[in-house]
Amino acid sequence: MKNKFLTLVAVVALFVSCQDAYEVSQPGYQFEDTAVYNTPADINRGVSGLYSSLPAESEINFVSYFTDELGVGRDNAGQGINDGSYRFFMNAGNSFAASAWTSYYNIINRCNRLLNRIEELKLVNPALETDYNKNRGRILAIRAYSHMKLFAYFTPDYKNPTGLSVIKFDFLQTTDYSRFEKRATVAEIVSFIESDIAEALTYDISYSDGDTTIPRVKAYVSTAFAHAVLVKLYAMTGNAPGVIEHVDAITTASLGGPVDFVTLFAKDSESPTSNTETNPDVISYLLRLPTESYAVASAWWAGRVDAARGSAYMEIGRSLYNELDRLDPASTNQGVTAPRADVRYGVTVLGSSRPDANYASLPADVYRSNDLLFIGKYQGSAQAVLQNNIMLFRYADMLLAKAEAFAMQGNVSGVEGLIRDLRSARSFAGTPASMPTITNVQSAWKAILEERRLEFAFEGHRYLDMKRLGVLAGSPGFVRDAKDCETNGACALEPSSFKLTLPIPRVEIQANPAIASQQNPGY
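Residues numbered from 1 in each chain as written. Predicted model: local features only at pLDDT ≥ 70, side-chain atom pairs only at ≥ 80, totals over all residues. Heavy atoms only, no water.

**Examining the overall build of the chain**
Which entries qualify depends on this criterion: Secondary structure elements are taken from DSSP: a helix is a run of H or I of four residues or more, a strand is a run of E of two residues or more, and numbering for both begins at the N terminus. Within these notes, the globule rule equals 2.2 Å times the number of residues to the 0.38 power, and the radius of gyration is based on C-alpha atoms. Only protein chains enter the area calculation, which uses a 1.4 Å probe; residues under 20% of their type maximum are buried, those over 50% are exposed, and those in between are partly exposed. Should any heavy atoms of two residues lie within 4.5 Å, those residues are considered in contact. Residues scored as charged are limited to Lys and Arg (positive) and Asp and Glu (negative), so that His and the chain ends carry no count. Where a charge lies is defined by one atom per residue type, namely NZ (Lys), CZ (Arg), CG (Asp) and CD (Glu).
Regarding its fold elements, the chain presents 19 helices and 10 strands. Compactness check: the chain gives a C-alpha radius of gyration of 23 Å against a globular reference of 24 Å for 523 residues, within 12% of the reference. Along the three orthogonal principal directions, the C-alpha set of the chain runs to about 70 × 55 × 50 Å. Buried residues in the chain amount to 59% of all 523 residues. Across the chain, the fraction of contacts at a sequence separation of at least 24, relative to all contacts at a separation of at least 6, is 72%. Of the side-chain charges in the chain, 48 are positive and 57 negative, and the distance between the mean point of each set is 3 Å.

**Thoughts on the state of the cysteines**
Going by this rule: Throughout, a disulfide means two cysteine sulfur atoms within 2.5 Å of one another.
Across all of its chains, the model carries one disulfide by this definition. Disulfide pairing is shown between Cys-485 and Cys-491; the S-S distance is 2.0 Å. A torsion of 95° about the S-S bond marks the disulfide between Cys-485 and Cys-491 as right-handed. Residue Cys-491 is classed as partly exposed on the basis of its relative accessible area of 29%.

**Some words on the environment of Leu-422**
With respect to the helices and strands, the residue Leu-422 is situated in helix α16 (residues 412-425). Considered as a pair, Leu-422 and Gln-387 are 35 residues apart in the sequence and their alpha carbons are 27 Å apart. Residues contacting Leu-422, with those up to four places away along its chain left out, are Leu-255, Arg-344, Ala-396, Leu-399, Leu-400, Glu-451 and Glu-455.

**Some points on the packing of helix α9 (residues 223-237) against helix α10 (residues 240-248)**
The condition is simple: To obtain an axis, a line is fitted to C-alpha atoms, over the contacting stretch when the element is a helix, and the angle between two such axes runs from 0 to 180 degrees between their N-to-C directions. Relative orientations are named as follows: roughly parallel for angles under 35 degrees, roughly antiparallel for angles over 145 degrees, roughly perpendicular for angles from 65 to 115 degrees, and oblique for any other angle. Crossing handedness: left-handed means the near helix sits turned counterclockwise from the far one by under a right angle, and right-handed means the same turn made clockwise.
Across the interface, α9 lies against α10 with an axial gap of 8 Å and an inter-helix angle of 160°. Taken together, α9 and α10 sit at an angle that is classed as roughly antiparallel. Seen from above, α9 lies across α10 with left-handed handedness. Note on element contacts: α10 touches α9 through Gly-242, Val-243, His-246 and Val-247, opposite His-227, Leu-230, Val-231, Tyr-234 and Ala-235.

**Regarding helix α15 (residues 395-408)**
Filter applied, for reference: Between the first and last residue of a helix there are one fewer steps than residues, each counted as 1.5 Å, and that sum is the expected span.
Spanning 14 residues, α15 covers 20 Å between terminal C-alpha atoms, matching the ideal 20 Å at 1.5 Å per step. α15 sits mainly inside the fold: 13 of its 14 residues count as buried. Immediately downstream of α15, the backbone of Gly-410 shows phi near 80°, a positive value.

**A closer look at the packing of α15 against helix α17 (residues 441-455)**
Basically, it comes down to this: Each residue is assigned to one of three groups, with Ala, Val, Leu, Ile, Met, Phe, Trp, Tyr, Cys and Pro labelled nonpolar, Asp, Glu, Lys and Arg labelled charged, and all others, Gly among them, labelled polar.
Closest axis-to-axis distance for the α15/α17 pair is 9 Å, and the angle between their directions is 170°. Classified by the angle their axes make, α15 and α17 are roughly antiparallel. Touching Ala-396, Asp-397, Leu-400, Ala-403, Glu-404, Ala-407 and Met-408 of α15 are Val-441, Trp-445, Ile-448, Glu-451, Arg-452 and Glu-455, all from α17. Of the residues assigned to the contact of α15 with α17, the class counts are eight nonpolar, no polar and five charged.

**Quick notes on the pattern of salt bridges**
The condition is simple: By definition here, a salt bridge exists when the distance from a side-chain nitrogen of Lys or Arg to a carboxyl oxygen of Asp or Glu is within 4 Å.
Within this structure, the stated rule accounts for 38 salt bridges. Here Arg-74 makes a salt bridge to Asp-75, at a shortest N to O gap of 3.1 Å. Among the residues examined, Asp-75 registers a relative accessible area of 29% and is labelled partly exposed. Glu-455 serves as the salt-bridge partner of Arg-344, at 3.0 Å between the closest nitrogen and oxygen. Taken together, the positions of Arg-344 in helix α13 (residues 343-348) and Glu-455 in helix α17 put the pair 111 residues apart, joining distant regions of the chain. Taking relative accessible area as the criterion, Arg-344 reaches 0% and is therefore assigned buried.

Read these as spatial facts, not as claims about activity.
Structure (structure tokens):
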């Protein structure tokens, strides 16, 4: 990893996302840690900067384009089409693969530097060791999360302990760039993540910003966040007891009701009546402020999320819309004005959408202008019209992970029961408007995969869900409606495709001789 660490980790170093918060001038390209971090409060600010820099919006963007979540929008002028994102194009030069690799390893490097500084400060002032250890635990949880995300995207086979995974970055980067790191095995990365979380959970890592109106706790690392990291890891590796144990350890969240689901993505999500912090489904989220440049809805909209005043260059893919439409059989093919028991249709589909029941028979140009399926999940705010808080972990995610654990154990009725619980929580009637048919283990996997598609549309899950569950579910993979691929032929991508594992970035392969022969299959 010599060149990658030299140019993107050692130079950019600890202060990429924190410099605005601290407003400390930089001589050259680096701070000296000793000039910035000298008290527990300093370390707190550093941890907050680490957490807020997690690259969620870029993942949501990539996943929506590369999977079957999107269709070309009314106002599209080449977005997502010209660069190949919408055509399932993937090679070793893929920009998202490079940015994910760089972003998470930069965060890990910053974690390692803060961990080192904490140990220095504990020696200087042993009386503050408890305070420093709280921050040590938070940093370990962030480092574990970052390794878990890298593991998810870049590991070809989660369940092969001796197979290649990612590089284990557990050391303090210095100015000695003669060190080259190979990819670790699956077993080594899993063990490392487990070790970081195990130590993190020995400390009191929950944190509140002390706000006198609504103190924010879920906008920071917490014990529940740490448990959720292991839930996601064990769902990949097939550790059913581990999934169940850590889902059950999360006692600060619940599914809530349909109104809670609406407020997750509503306008002004920081208002007293619609607050992310108090939403029962939220375990951990990224607080996005109007003063920041984050804008999740800009992946599909220009201007604002508004059919009249904004420009929709991408819309809901027809195959996804059809699944949402079928949630309420009594209202299927009746458009946005039909009453819907399941709240997920109304949250995902903007109210000004105009679905055409006869879309399949329309010519391509008429289909694009007449069958209008606008994305409404992120409503923005008056101060930042394309920006929303981002959910890192929701309880619904944990519940469906527990359903996966039940499927691993052959507990088909358990899977059905959890999906029923979720659909009941999303129903204004309190009971599911419909239920999937589950008769055996494969149909249980299929039901889980389909439920995740509906529940987490445009939240950045679909790509890794298909990688993890597609073959088990007997899924055909990402399948777009024929009208959404009529002009480019990119209609489907099977779940066994090598493209469901990202390539090790070309710049890493070229610069690091230890990894030069370790590219992922297919690239």
